[in-house]
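Below, each chain spelled out in residue letters.
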Amino acid sequence: MLHPLRSLLTVLGIFIGVASVIWLLAIGEGISRKAQEQIESLGATNIIIRSIKPPSEQVQTSGLVLQYGVTRADYARLVETIPTVVRAVRIRELRQRFSYNGRMVDGRLVGCTPEYQDIVRLEIDRGRFIQDSDLQDLKNYCVLAAGTAEKLFPFEDPLGKVIRVEEHFYTVVGVCKPKMPSAGIGGSFAAQDFSSDVYIPITTLWWRIGDVVFTRRAGSTEAEQIELSQITLQVDKTANVVPTADVVKATLAKYHPIEDYGVTVPLELLEQARTTRMMFMVFMGLIAGISLVVGGIGIMNIMLATVTERTREIGIRRALGAKRRDIIRQFLVETVVLSTLGGISGILVGFLAPLLSEGAIWALQFLAPRLYNSLPEIVKTMRPVVVPASVPLAFGIAVAVGIIFGLYPARRAANMDPIEALRHE
Amino acid sequence: MRLGASIQEITKEYHLGGEVVHALRGVSFDVPEGDYVAIMGASGSGKSTLLNLLGCLDHPTSGKLFLGDENVAEASDDRLAEIRASKIGFVFQSFNLIPQLTVLENIEVPLYYQRRLSPKERARCKELAEMVGLGNRLYHRPTQLSGGQQQRVAIARALVNDPLFILADEPTGNLDSATTEEIMALFDDLNRQGKTIILVTHEYDVGRRARRIIRLKDGRIESIIDNPQAKPRSELPEDVAKAKAPQ
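Just so it is clear, the structure is predicted and the values come from calculations on it, not from any experiment.

(A) Geometry of the overall build of chain B. Check the secondary structure of chain B and you find eight helices and ten strands. Relative to the compact-globule value of 18 Å for 247 residues, chain B shows a C-alpha radius of gyration of 18 Å, a close match. By its C-alpha atoms, chain B is 50 × 40 × 35 Å across when sized along the principal axes. Counting the 247 residues in chain B, one finds 52% classified as buried. Considering only contacts within chain B whose residues lie at least 6 apart along the sequence, 68% involve residues at least 24 apart. A total of about 11100 Å² of accessible surface is found on chain B, and carbon and sulfur atoms cover 48% of it. Side-chain charges in chain B split into 31 positive and 34 negative, and the spacing between the mean points of these groups amounts to 3 Å.

As structure tokens, this is what we get:
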């Protein structure tokens, strides 16, 4: 190596290219794994049916009340007619304000059945979840999500305390452990947040609140009649999920002239996520590929300069018996050695991707908190995963770049007239 | 008598912007093995062209050029490279050592391109370096050597492939007179040992040491003179002269 600095800069170009191939692929993989986890947390064997408010011009109105969504009759029909459904959970949820001793939290009041705990994988921290007997007896019991409990009871033990939800009172019988948000359902892209929930028996909700909900907004009052917010069906095995979903859709379509519900199949989401992941990877790979090409151009540039500078040496070597291909080999070996060095160092640094991205996110938290807060949850919590295939890929590309971009300068060197080259000063 | 090189009716034309330049207009001469020839002439006489042709760096436009018994006038580019590697020893005016290689490595270069670098050959390279008086500079770089030392390395390099002839292009052009004397003495020595030397020079002081002087003018041979001033071979002890003299 004649010029250590020059060689170093050449290596740097390839190094950045290779490291970014590995990094970008690792970040892509990290994000898509996170997305998959969220989807999986919906349950791969589940089918989720949610009530959706249809566009206002299509809505059936009985008087002033907007009536839409899945019904108790739908629930009964689905459970009774589809044999592959092993378990079914219906819930009714409302946005409500919870208060205790002057502290208030706005959150989701969820009327549910004991199975709900299993199906959304809620873990109980203390106390217990809603039981069948609570449903039968229309008990005014509630279970708090971790976030709700923390906000309403920052200093006390919530168990046995009575919280207020609008004009009703409920005794706290259990507190859940914190739960990660899961993927959005029902046509929404936002992740489902479980942190400020309150769970009560669904029968109690029907008895106390009923189906009709009034909301006052900007001076006018709106009334909505919804029987069920969501039905989650659990299918016996994965293979039956898609056919069952088809039957569910057909059944519902019969009784709902307008589309006031949405069917989410996490399994389908999962498959979609896989295709998205592929696209994402290709995209990331492309970006990284561009940086490798830039590195390659850098190599070519420097090799051209080197060839010009070493014209005389080339002339001497030719005079002493080097054939054209000897000269090509000499320069090609040099570029390939440089690009290989860049490749190896890039791979080594590429393996540090998880560490570095964690560091970057951590630093962002302090240096630019506003930017940090605006990042989606999935970016904040993801960990880059180095894709094993990206290592030989990046290395192969680095060597290929060395050969491709080294070939032209090498050929130029070899095609010089030895007489001219010898005369070159 | 074996021939080192034989040039028969060589012409060389260059095309420069539509005009034809006749650099050589039919040149013939033989260089027997063991000969010591100086090619002299003013610039533009065709000296350099002839040198390039003898050095197998270029093809003649017409004529025959025998090196040993091979006509190289129409040899392929690769074949010419092989001939340069195996049959010709170059010594240049500006030494032309490769700066990043050591003395020993510079001497080894022609062997490298013949794919015959072996420990035995390497030992021979060391011997050659010692012969030219650089046995204690084997691992120095050219920039650490004086001009005369560099030229000695170049001469050792020219000898390493045991060439048909040494082709020296103004070998003393960049040297002072004392060093010139040293280098020329080395050439004289080599010739006495039986090496064929073709010297291209415009310096009479250098040219007169050769046994024959070929003068070129306008692409033609003006004269071929047997040089009476050359140190006669009889200076050698009789038996050595006989043994070394071409048959």
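That shown, we press on.
(B) Spotlight on the nonpolar core. Judged by nonpolar contacts, the single largest core of 72 residues is most densely connected at L54(B) and L67(B). Every residue in contact with L54(B), bar those within four places of it in the chain, is listed here: A5(B), I7(B), I39(B), L65(B), L67(B), I88(B), F165(B), L167(B) and I198(B). Counting 57 residues, the second largest nonpolar core, distinct from the first, contains V85(A), F129(A), C142(A) and V235(A).

(C) Quick look at the interface of chain B and chain A. Listed by partner, the interface residues are 22 residues for chain B and 21 residues for chain A. Summing both sides of the interface, chain B and chain A together bury roughly 1900 Å²; the carbon and sulfur share of this comes to 53%. On the chain B side of the contact with chain A, L57(B), Q100(B) and Y113(B) bury the most area, a combined 29% of that side's loss. For the interface between chain B and chain A, the tally reads ten residue pairs in polar contact (both at pLDDT 80 or more). Listed by contribution, the elements that provide at least two residues to the side of chain B that touches chain A are α2 (77-87) and α3 (103-113) of chain B. In terms of residue count, the dominant contributor to the side of chain B that touches chain A is α2(B) (six residues). Here the side of chain B that touches chain A is composed, by residue class, of eleven nonpolar, four polar and seven charged.

(D) Representation of the pattern of salt bridges. Residues and elements named next belong to chain A. Taken as a whole, this structure holds 41 salt bridges over all chains when the rule is applied. R108 is the salt-bridge partner of E93, the closest N and O atoms lying 2.7 Å from each other. You can see E93 sitting in strand β4 (residues 85-100) and its partner R108 sitting in strand β5 (residues 103-112), a full 15 residues away along the chain. Side by side, E93 and R108 carry an identical accessibility label, which is buried.

(E) Structural detail: the packing of aromatic side chains. Residues and elements named next belong to chain A. For the coordinates displayed, the defined rule picks out six aromatic pairs over all chains. An angle of 50 degrees between the planes, with centres 5.7 Å apart, marks the rings of Y116 and Y199 as tilted. Of the two residues, Y116 is situated in helix α3 (residues 115-119) and Y199 in strand β10 (residues 197-201); the sequence distance between them amounts to 83 residues. With relative accessibility at 3%, the residue Y116 sits in the buried group. Here the aromatic rings of F129 and Y199 are separated by 5.7 Å at their centres, their planes lie at 50 degrees, and the arrangement is tilted. Remark: Y199 occurs in strand β10 and F129 occurs in the loop between β6 (124-127) and α4 (132-136); sequence separation between them is 70 residues. Accessibility assignment for this pair places F129 and Y199 in one class, buried. A connected cluster of aromatic rings, assembled from ring pairs, spans Y116, F129 and Y199. Over the ring of W206 we find R72; its NZ or CZ atom is 4.6 Å from the centre of that ring.

(F) Representation of the packing of helix α8 (residues 266-309) of chain A against helix α10 (residues 324-350) of chain A. Residue and element names in this part refer to chain A. Contact geometry of α8 with α10 gives a least axis separation of 11 Å together with a crossing angle of 145 degrees. Between α8 and α10 lies a crossing whose hand is right-handed. Packed against α8, whose contacting residues are I299, M303, T306 and V307, the element α10 presents F331, E334, T335 and S339 at the interface. For the contact of α8 with α10, the class distribution of residues is four nonpolar, three polar and one charged.

(G) Expanded view of the side chain of E93(A). E93(A) gets classed as buried once you look at its relative accessible area, which sits at 15%. For E93(A), the side chain forms a polar contact with the side chain of R50(A), separated by 2.8 Å.

(H) Spatial organisation of the side chain of R152(B). Residue and element names in this part refer to chain B. Turning to its location among the elements, R152 is positioned in helix α5 (residues 147-159). Judged by its relative accessible area of 16%, R152 falls in the buried class. Once you skip the residues sitting within four places of it in the chain, R152 turns out to touch V132, L134, E182, I183 and L186.

(I) Structural detail: the sheet that holds strand β1 (residues 3-16) of chain B. Residues and elements named next belong to chain B. Ordered by their spatial adjacency, four strands build an open sheet running β2-β1-β4-β5, and the pairing between neighbours is antiparallel. Since the sheet does not close on itself, it has two edges, and those belong to β2 (19-32) and β5 (70-71), each with one partner. Strand direction decides the pairing type here: β1 and β2, joined by eleven bridges, are antiparallel. Its bridge partner lying in β2, Y14 is registered against V21. Relative to β1, helix α1 (residues 47-54) is tilted by about 125 degrees, and along the sheet it contacts β1, β2 and β4 (62-67).

(J) View of the confidence of the model for chain B. All names here are of chain B. On average, residues of chain B score 87 in pLDDT, and 91% of them are at 70 or above. When the elements of chain B are averaged for pLDDT, helix α8 (residues 238-244) gives the smallest value, 45, and α5 the largest, 94. Contacts for the low-pLDDT stretch residues 233-247, under 50 throughout, to residues beyond four places or in other chains number 18 contacts.

(K) View of the packing of α10(A) against helix α14 (residues 390-414) of chain A. Residue and element names in this part refer to chain A. In the contact formed by α10 and α14, the axes pass within 7 Å of each other and the chain directions differ by 150 degrees. Taken as axis vectors, α10 and α14 run roughly antiparallel relative to one another. Crossing geometry of α10 relative to α14 is assigned as right-handed. In this structure, α10 contributes R324, I327, I328, F331, L332, T335, V336, S339, T340, G343, I344 and I347 to the contact, and α14 contributes V391, F395, A398, V399, G402, I403, G406, L407, A410, R411, A413 and A414. Among the residues making up the contact of α10 with α14, the classes are represented as 16 nonpolar, six polar and two charged.

(L) Spatial organisation of the pairing of strand β13 (residues 230-235) of chain A. All names here are of chain A. Counting buried positions along β13 yields six of six residues, so the element is predominantly enclosed. Burial along β13 is two-sided: Q230, T232 and Q234 facing one way and I231, L233 and V235 facing the other are all buried. Relative to β13, strand β1 (residues 46-51) is paired through five bridges, and the arrangement is antiparallel. What sits directly across from I49, in β13, is I231.

(M) Local environment of the environment of L286(A). Residues and elements named next belong to chain A. Tracing the chain through its elements places L286 in helix α8. With a relative accessible area of 56%, L286 lands in the exposed category. Taking the C-alpha atoms as reference points, L286 and L24, 262 residues apart in sequence, are found 9.8 Å from one another.

(N) View of the environment of E19(B). Residues and elements named next belong to chain B. Its location among the elements puts E19 in strand β2. Residue classification places E19 among the exposed positions, given a relative accessible area of 59%. It is 41 Å that separates the C-alpha atoms of E19 and N191, two residues lying 172 residues apart in sequence.

About the criteria used
- Residues numbered from 1 in each chain as written.
- Chains lettered and ligands numbered in written order.
- Predicted model: local features only at pLDDT ≥ 70, side-chain atom pairs only at ≥ 80, totals over all residues.
- Heavy atoms only, no water.
- Helix = DSSP H or I, 4+ residues; strand = E, 2+ residues; numbered from the N terminus.
- Rg over C-alpha atoms; globule rule 2.2 N^0.38 Å.
- Buried < 20%, exposed > 50% of the residue type's maximum accessible area, 1.4 Å probe, protein only.
- Contact = heavy atoms within 4.5 Å.
- Areas by Shrake-Rupley, 256 points an atom, 1.4 Å probe, with all protein chains shown as cover.
- Lys, Arg positive; Asp, Glu negative; His and termini not counted.
- Charge placed at Lys NZ, Arg CZ, Asp CG, Glu CD.
- Core = buried A, V, L, I, M, F, W, Y, C linked by side-chain atoms within 4.5 Å.
- Buried area = accessible area lost by both parts, 1.4 Å probe.
- Polar contact = N/O pair within 3.5 Å; in protein donor to acceptor, adjacent residues only side chain to side chain.
- Nonpolar A, V, L, I, M, F, W, Y, C, P; charged D, E, K, R; others polar.
- Salt bridge = Lys/Arg side-chain N within 4 Å of Asp/Glu carboxyl O.
- Phe/Tyr/Trp six-rings, centres within 6.5 Å; stacked < 30°, edge-to-face > 60°.
- Lys NZ or Arg CZ within 6 Å of the ring centre and 35° of its normal.
- Axes fitted to C-alpha atoms, helices over the stretch in contact; angles between N-to-C directions.
- Left-handed = near helix turned anticlockwise from the far one by under 90°.
- Pairing = 2+ DSSP bridges.
- pLDDT = per-residue confidence, 0-100.
- Parallel < 35°, antiparallel > 145°, perpendicular 65-115°, else oblique.

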